[in-house]
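Read off the chains here:
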Amino acid sequence: MSVRVRYAPSPTGSPHVGNLRTAIYDWLLARKEGGQFLARLEDTDRTPERYRPEGIYEIEESLRFLGILPDEWWVSEGAVGPYVQSERLELYQKYAEQLMQTGHAYRCFCTRERLDAMRLEQQEKKQPTGYDRRCRSLTPEEVQANIDSGLTSVVRLAMPREGVTILKDVIRGNISYENRLQDDQVLVKTDGYPTYFLACAVDDHHMGITHILRGDDWLSSAPKLVQVFTALGWEPPLFAHPPLILGADKKKLSKRHGSTTFVDFINQGYLPEALFNFLVLLGWSAGDENKEILSIPEIIERFTLEGISEHPAIFDYDKLKWMNGHYIRASQPGRIIGMCIPYLIKAHLIADPPTPEELDYLRKVLPLEIDRMKLLSEAPELVSIFFKELRFPDGYDEKAIAKWLSADHVVRMLKKEITAFSALSDWTEANLEFETRQITEELGLEFAKVIHPTRVAATGKTVGPGLFETLEVLGRDRTLSRMQSVLDVLSTQTESGGHYLVN
RNA sequence: GGGGAUAUCGUCUAGAGGUUAGGACGAGGGAUUUUCAGUCCUUAAGCCGGGGUUCGAUUCCCCGUAUCCCUACCA
């Protein structure tokens, strides 16, 4: 039988990176084994705070972004649909009936109040919490009487009172659980919707799922799911519980650790291949091969469920950033430019849509800054000196001015540079450097004493790409007018006998 | 309170009954260069504790400890 795996998100909000990592593992297993990858929407929780259909679009976007589109899902449908649980209610109803008829489930009329009070008391007495199974011994007559008197009810699983349930987990081996310690799980809620346990078992069986991959947080409740399969007379699929992803404090990764939703990462300008590679490595490794940067085909080739680690992993934002920088540098510049454009438009550095001139300029500017870029969202900051109007001292870094423009030789130097640069017939990196070196010699200075003030005068900053390539791309007009604006102010101050002072 | 899982550098991890315990991020140092970044080289940094099994365990077993997760009419 060919492998069939499924990604089963709930639309409770923005999808979490951990969920997408599981989806990647699903997809990888399917591709590796030549099987199918499906996605199913688990929308059986209809509480307003937790039912957030807006999240569905983000789920779809995230899968598209990663390039792991399901072979069958609610978007494209397939042979065993519908792929949305709220559209499969009759099916769950049918099996709930079957379970009750076969004695594997029963109606429970206990009120929320009673349940809450019971739990509270159990906690106070330091007893294990759980349902006391009062309704399990109701006679058919009593049940009917309750129904007739209009009491609402849920359906509970009649957990076996003895024996053990064995979970077959590909990552962790076999785990056994004592049945008497398992709760009589609610399978159908008062609103008629199934809980996870019923819906999941029914759907996974009907959809021919062979492997259930899901987070470690499901591990302790796994015997209940297994029992639902068993009670329905079905062989449960194989399980695989990848470890949880934690924050720096070793708690489940959540908002206060930083970004956690997948779209957060997309918006910050992470590349799909960086996110894919990083997420895969967070809990999986190719083995003794000392290689971490892996293409998707390379990962598929090496992927096995057994290679997934058993211990939780702390999400290392720094490493992700490093990896993203790596993939940015490994990309065709044209691709990066295209991906940066939305950020530049948003920062009002270029028009929306960009003009052909702007695009042309961008094609020269961006390659200069690519080595410095770790996130696409850093593009506006990095290229701003090429776009912004600069008129000394507006837009100039104060520390840079203090450090490099207050020296005595700066005015003489700028005058010479402006004269020499203006006379250039070809505004090229090589010519600019040649002239600058000439001037350095004439002034009898170290190269550094010339180059740094020149950079500050032309860009307002102390850091950036090589000076002469910067000037070449910046162009004659921008460069000269900026340098002139510095000279204008500085020479006035020099004439009046003082240095230029910052505040 | 009950249950489950896990334990190798700060972090992600590789590893084998005998290894100089390997790699990556991060940190330190150096080289390159006009700065930053990048690139290259380099240094420091680790087997949770206690028992067993064994000629020999960080590796296998048990116990302890710690951490995480579950303990809902949420998934």
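Predicted model, so just to flag it, every value in this text is computed and none were measured.

**Focus on the packing of helix α3 (residues 89–101) against helix α6 (residues 196–206)**
Then step 1. In contact at an axis separation of 10 Å, α3 and α6 are set at 105° when each is read in the N-to-C sense. Here α3 is positioned roughly perpendicular relative to α6, judged by the angle of their axes. Counted together, Leu91, Tyr92, Tyr95, Ala96 and Leu99 of α3 and Leu198, Ala199, Val202, Asp203 and His206 of α6 form the full contact between these two elements.
Then step 2. For the contact of α3 with α6, the residue count by class is eight nonpolar, one polar and one charged.

**Re the domain arrangement of chain A**
Then step 1. In terms of domains, chain A is made up of domain 1 (4–74 + 244–314), domain 2 (88–240), domain 3 (331–387) and domain 4 (398–495).
Then step 2. Computed over C-alpha atoms, the centres of domain 3 and domain 4 are 25 Å apart.
Then step 3. For the domain 3 and domain 4 pair, buried surface summed over both sides reaches about 880 Å², with 64% attributable to carbon and sulfur atoms.
Then step 4. In terms of surface lost to domain 4, no three residues of domain 3 exceed Leu368, Ile385 and Phe386, which account for 58% of the buried area on that side.
Then step 5. Counting across the domain 3 and domain 4 interface gives zero salt bridges.
Then step 6. For the side of domain 3 that touches domain 4, the secondary structure elements donating two or more residues are α13 (356–369) and α14 (379–387).

**A short note on the pairing of strand β1 (residues 4–7)**
Then step 1. Because side chains alternate across β1, one face comprises the buried residues Arg4 and Arg6, and the other comprises Val5 and Tyr7, equally buried.
Then step 2. Pairing of β1 with strand β2 (residues 36–39), which is carried by four bridges, proceeds in the parallel orientation. Among the inter-strand pairings, Tyr7 is bridged to a residue of β2, identified as Ala39.
Then step 3. The parallel pair β1 and β2, bridged by helix α1 (residues 17–33), forms a crossover whose chirality is right-handed.

**Focus on the protein's contact with RNA strand B**
Then step 1. Every one of the 66 residues lining RNA strand B counts as a neighbour, but Lys189, Lys251, Asp371, Arg372 and Gly464 are closest to it.
Then step 2. For RNA strand B, the backbone portion of the atoms within 4 Å of the protein, that is sugar and phosphate, comes to 73%.
Then step 3. Side-chain polar atom of Thr190 to a base oxygen of RNA strand B: 2.7 Å apart, as the coordinates give it.
Then step 4. In the model, a phosphate oxygen of RNA strand B is placed 2.8 Å from a nitrogen or oxygen of the Glu310 side chain.
Then step 5. Among the elements of the structure, α4 (112–124), β4 (154–157), β6 (173–178), β11 (313–314), α11 (317–330), α18 (447–459) and α19 (467–474) are those that each provide at least two residues to the surface near RNA strand B.
Then step 6. In terms of residue count, α11 provides more of the surface near RNA strand B than any other element does, four residues in total.
Then step 7. Residues of the surface near RNA strand B, tallied by class, amount to 24 nonpolar, 17 polar and 25 charged.

**Overview of helix α12 (residues 333–346)**
Because an α-helix packs 3.6 residues into every turn, residues spaced three or four apart end up facing the same way.
Then step 1. With 14 residues, α12 extends 20 Å from end C-alpha to end C-alpha; this agrees with the ideal 20 Å at 1.5 Å per step.
Then step 2. For α12, the principal kink sits at Cys340 and spans about 35°; a proline, Pro342, occurs within the next four residues.
Then step 3. All of the buried residues along α12 are Ile336, Ile337, Cys340, Ile341, Tyr343, Leu344 and Ile345.
Then step 4. Looking at the buried positions of α12, the neighbouring elements they touch are α8 (262–268), α11, α13 and α14.
Then step 5. Count one or two residues on from α12 and you reach His348, which has phi positive near 60°.

**What to know about the environment of Ala457**
Then step 1. By the secondary structure assignment, Ala457 is in helix α18.
Then step 2. Using a relative accessible area of 0% as the deciding quantity, one classes Ala457 as buried.
Then step 3. When neighbours within four sequence positions are excluded, Ala457 is seen to be in contact with Tyr396, Leu405, Leu414, Arg482, Met483 and Val486.

**With respect to the nonpolar core**
Then step 1. Residues Leu28 and Phe315 are the most contacted members of the largest nonpolar core, which totals 149 residues.
Then step 2. With nine residues, the top contributor of residues to this core is α1.
Then step 3. When neighbours within four sequence positions are excluded, Phe315 is seen to be in contact with Val17, Ile245, Leu246, Leu253, Phe265, Phe278, Leu279, Leu282 and Leu320.

**Overview of the pattern of salt bridges**
Then step 1. On inspection of all chains with the given rule, the structure shows 29 salt bridges.
Then step 2. Asp203 is paired through a salt bridge with Arg40; the nearest N and O atoms lie 3.7 Å apart. Residue Asp203 is found in helix α6, and its partner Arg40 is found in the loop between β2 and α2 (54–66); the two are separated by 163 residues along the sequence.
Then step 3. The buried category is assigned to Asp203, whose relative accessible area is 0%.
Then step 4. A relative accessible area of 0% places Arg40 in the buried class.
Then step 5. Put simply, Arg40 and Asp204 hold a salt bridge, and the shortest N to O gap is 2.8 Å. Note that Arg40 is positioned in the loop between β2 and α2 and Asp204 in helix α6, a separation of 164 residues in sequence.
Then step 6. It is possible to trace a salt-bridge network through shared partners that takes in Arg6, Arg40, Glu42, Arg88, Asp203 and Asp204.

**Details of the packing of aromatic side chains**
Then step 1. One pass over the full model with this rule turns up 18 aromatic pairs.
Then step 2. Ring centres of Trp27 and Phe276 lie 5.9 Å apart, and the angle between their planes is 85°; on these two criteria the pair is classed as edge-to-face. Taken together, the residues Trp27 in helix α1 and Phe276 in helix α9 (residues 272–281) connect sequence positions 249 residues apart. As far as the burial class goes, Trp27 and Phe276 line up, both buried.
Then step 3. When the centroid spacing of 5.6 Å and the interplanar angle of 55° are considered together, the rings of Phe265 and Tyr270 count as tilted.

Rules behind the numbers
Residues numbered from 1 in each chain as written. Chains lettered and ligands numbered in written order. Predicted model: local features only at pLDDT ≥ 70, side-chain atom pairs only at ≥ 80, totals over all residues. Heavy atoms only, no water. Axes fitted to C-alpha atoms, helices over the stretch in contact; angles between N-to-C directions. Helix = DSSP H or I, 4+ residues; strand = E, 2+ residues; numbered from the N terminus. Parallel < 35°, antiparallel > 145°, perpendicular 65-115°, else oblique. Contact = heavy atoms within 4.5 Å. Nonpolar A, V, L, I, M, F, W, Y, C, P; charged D, E, K, R; others polar. Domains from an automatic or database assignment. Buried area = accessible area lost by both parts, 1.4 Å probe. Salt bridge = Lys/Arg side-chain N within 4 Å of Asp/Glu carboxyl O. Buried < 20%, exposed > 50% of the residue type's maximum accessible area, 1.4 Å probe, protein only. Pairing = 2+ DSSP bridges. Right-handed = clockwise from strand over helix to strand, strands pointing away. Near = heavy atom within 4 Å. Polar contact = N/O pair within 3.5 Å; in protein donor to acceptor, adjacent residues only side chain to side chain. Expected span 1.5 Å × (residues − 1). Bend = angle between axes of the 7 residues up to and from the residue. Core = buried A, V, L, I, M, F, W, Y, C linked by side-chain atoms within 4.5 Å. Phe/Tyr/Trp six-rings, centres within 6.5 Å; stacked < 30°, edge-to-face > 60°.

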